[in-house]
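Listed below, chain by chain, are the residues.
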Amino acid sequence: LVPMTIGWNVKDKLEMDLLKKIESGSALLSDGATGTYLQSNGLEPGGCPEELNLTNPGLIVKMADDYFKNGADLVLTNSFGANPFMLAKYGLRKDLGKINIKAAQHAKSVCPSGKFVIGSVGPTGEFLQPLGPVSEQEMLDGFTEQIQALEAGGADGVIIETMTSLEETLLAVESAKRNTNLVVMATMTFDLGPRGFFTMMGVTPEVAVKEIRKKGADVVGTNCGNGIENMVKIAKIMRAVDDGPLVIHSNAGFPKIVNGRIVYPETPEFMADKVKELIDIKINIFGGCCGTTPNHISAMKSVVSNYSSNKI
């Protein structure tokens, strides 16, 4: 029992170190897009990104290493869709534990001292009853299975991301807080309409940050769906109603089709310059989502290093 106890003590300390660093107000930089990176390195359209944890581990390790070397303090695991419902669509349900454990282990294997690995948990793709076939307990159990596997693989925290349903988000946060010792982050995705920002399910940034924080999440915020200019607007809305740690993960703008290819227009320099505004409004963690690359993270790192002193 002694080695196991020591292992848990070390892990608890790492998680406390991560939370302590977040709560200290230090500006922390996340990584960039996973899908964009994998697609540029051979992932076929319609392929399962999470399966690459088993079939091409070298690529997943290289991706994490590239983001760490370009300045990321936090790197997300390749596990966004590695929940029971999504993996079942690829015939991979039985491999859920192995896929999530490997996802965390691959990133952890190149994680430098003082930096951290965050388990990525995306939407289930299902609607809760009565809108859909899945009960709250089934969804809760699915999140628990995935998040516990990420913890077993060595993740320091978890980020429940790209959520549109508040009910689903809160179930995922409850699962992580109740069943693991991980630092818990949660982000929702908002679209700009005539009446302001809402998720696809009608949730505003104000309601999201208040309810997710009330559920016990250590860090709340937004990711995906918007370029960095809109993300600054959402960040200001959230900061106006919440003084806890916030995270912002921006797309590299809105994608366009150019010569048959999807192109994200925001350059590393453009996004990095806007990071100054996030630092000024005391956003604790920022990084990239769809369309961002290690070059975007490198440019943001320069801003963090040169601009953030005494800002947060």
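Residues numbered from 1 in each chain as written. Predicted model: local features only at pLDDT ≥ 70, side-chain atom pairs only at ≥ 80, totals over all residues. Heavy atoms only, no water.

Draft legend 1. A look at the packing of helix H10 (residues 228-241) against helix H11 (residues 268-280). Two elements in contact, H10 and H11, have axes separated by 10 Å at closest approach and are oriented at 10 degrees. The orientation of H10 with respect to H11, classified from their angle, is roughly parallel. For the pair H10 and H11, contact is made by Ile228, Glu229, Val232, Ala235 and Lys236 and by Phe270, Met271, Lys274, Val275, Glu277 and Leu278, respectively. When grouped by side-chain class, the residues that make up the contact of H10 with H11 number seven nonpolar, no polar and four charged. (Axes fitted to C-alpha atoms, helices over the stretch in contact; angles between N-to-C directions. Helix = DSSP H or I, 4+ residues; strand = E, 2+ residues; numbered from the N terminus. Parallel < 35°, antiparallel > 145°, perpendicular 65-115°, else oblique. Contact = heavy atoms within 4.5 Å. Nonpolar A, V, L, I, M, F, W, Y, C, P; charged D, E, K, R; others polar.)

Draft legend 2. Representation of the environment of serine 298. Inspection of the secondary structure puts serine 298 in helix H12 (residues 294-307). Here the alpha-carbon distance between serine 298 and leucine 131, two residues 167 residues apart in the chain, equals 43 Å.

Draft legend 3. The sheet that holds strand E8 (residues 219-223), seen in detail. Ordered by their spatial adjacency, eight strands build an open sheet running E1-E12-E9-E8-E5-E4-E3-E2, and the pairing between neighbours is parallel. A single partner strand is all that each edge strand has here, and the edge strands are strand E1 (28-29) and strand E2 (74-76). Bridge analysis of E2 against strand E3 (residues 116-121) gives three bridges, and the strand direction is parallel. Bridging across to E3, leucine 74 finds its partner in phenylalanine 116. The strands touched by helix H7 (residues 136-152) within the sheet are E3 and strand E4 (157-163), with E3 carrying the most contacts at an inclination of about 160 degrees. Taken strand by strand, H10 contacts E8 and strand E9 (246-250), and its axis lies near 165 degrees from that of E9. (Pairing = 2+ DSSP bridges.)

Draft legend 4. View of the packing of aromatic side chains. Counted under the stated rule, the structure contains one aromatic pair. Between the aromatic rings of tyrosine 37 and tyrosine 67, the centroid separation amounts to 6.0 Å while the plane-to-plane angle is 50 degrees, which identifies the pairing as tilted. With tyrosine 37 in helix H2 (residues 35-39) and tyrosine 67 in helix H4 (residues 57-69), this residue pair connects regions lying 30 residues apart in the sequence. (Phe/Tyr/Trp six-rings, centres within 6.5 Å; stacked < 30°, edge-to-face > 60°.)

Draft legend 5. Focus on unusual backbone geometry. Note that the residue after glutamine 129, namely proline 130, is joined by a cis bond; omega there is 5 degrees. The phi torsion at threonine 162 lies on the positive side, around 60 degrees, for a residue other than glycine. You can see threonine 162 is positioned in strand E4. Although it is not a glycine, lysine 282 sits at a positive phi angle of roughly 65 degrees. Looking at the secondary structure, you find lysine 282 in the loop between H11 and strand E12 (285-288). Judged by its relative accessible area of 45%, lysine 282 falls in the partly exposed class. (Buried < 20%, exposed > 50% of the residue type's maximum accessible area, 1.4 Å probe, protein only.)

Draft legend 6. Region of interest: the pattern of salt bridges. Evaluated as defined, the whole model comprises 14 salt bridges. Linking aspartate 65 and lysine 69 is a salt bridge whose minimum nitrogen-to-oxygen distance equals 2.9 Å. Here the residue aspartate 65 and the residue lysine 69 both occupy positions in helix H4, the gap between them amounting to four residues, near one helical turn. Overlapping salt bridges, with partners in common, bring together Glu174, Arg178 and Lys215 in one network. (Salt bridge = Lys/Arg side-chain N within 4 Å of Asp/Glu carboxyl O.)

Draft legend 7. Local environment of the state of the cysteines. Under the counting rule described, the total for this entry stands at zero disulfides. Cysteine 48 takes part in no disulfide bond, and the closest cysteine sulfur to it belongs to cysteine 290, at a distance of 16 Å. On the accessibility criterion, cysteine 48 (6% relative accessible area) is buried. A disulfide-free cysteine, cysteine 290 has its sulfur positioned 3.7 Å from the sulfur of cysteine 224, the nearest such atom. Owing to a relative accessible area of 24%, cysteine 290 belongs among the partly exposed residues under this scheme. (Disulfide = S-S within 2.5 Å.)

Draft legend 8. Quick look at the packing of H7 against helix H8 (residues 166-179). Orientation of H7 relative to H8, taken along the N-to-C sense of each, is 50 degrees, at an axis distance of 9 Å. Classified by the angle their axes make, H7 and H8 are oblique. Judged by the sense of rotation from one axis to the other, the crossing of H7 with H8 is right-handed. In this structure, H7 contributes Glu136, Met139, Leu140, Phe143, Thr144, Ile147, Gln148 and Glu151 to the contact, and H8 contributes Glu168, Leu171, Ala172, Glu174, Ser175, Ala176, Arg178 and Asn179. A per-class count over the contact of H7 with H8 returns seven nonpolar, four polar and five charged. (Left-handed = near helix turned anticlockwise from the far one by under 90°.)

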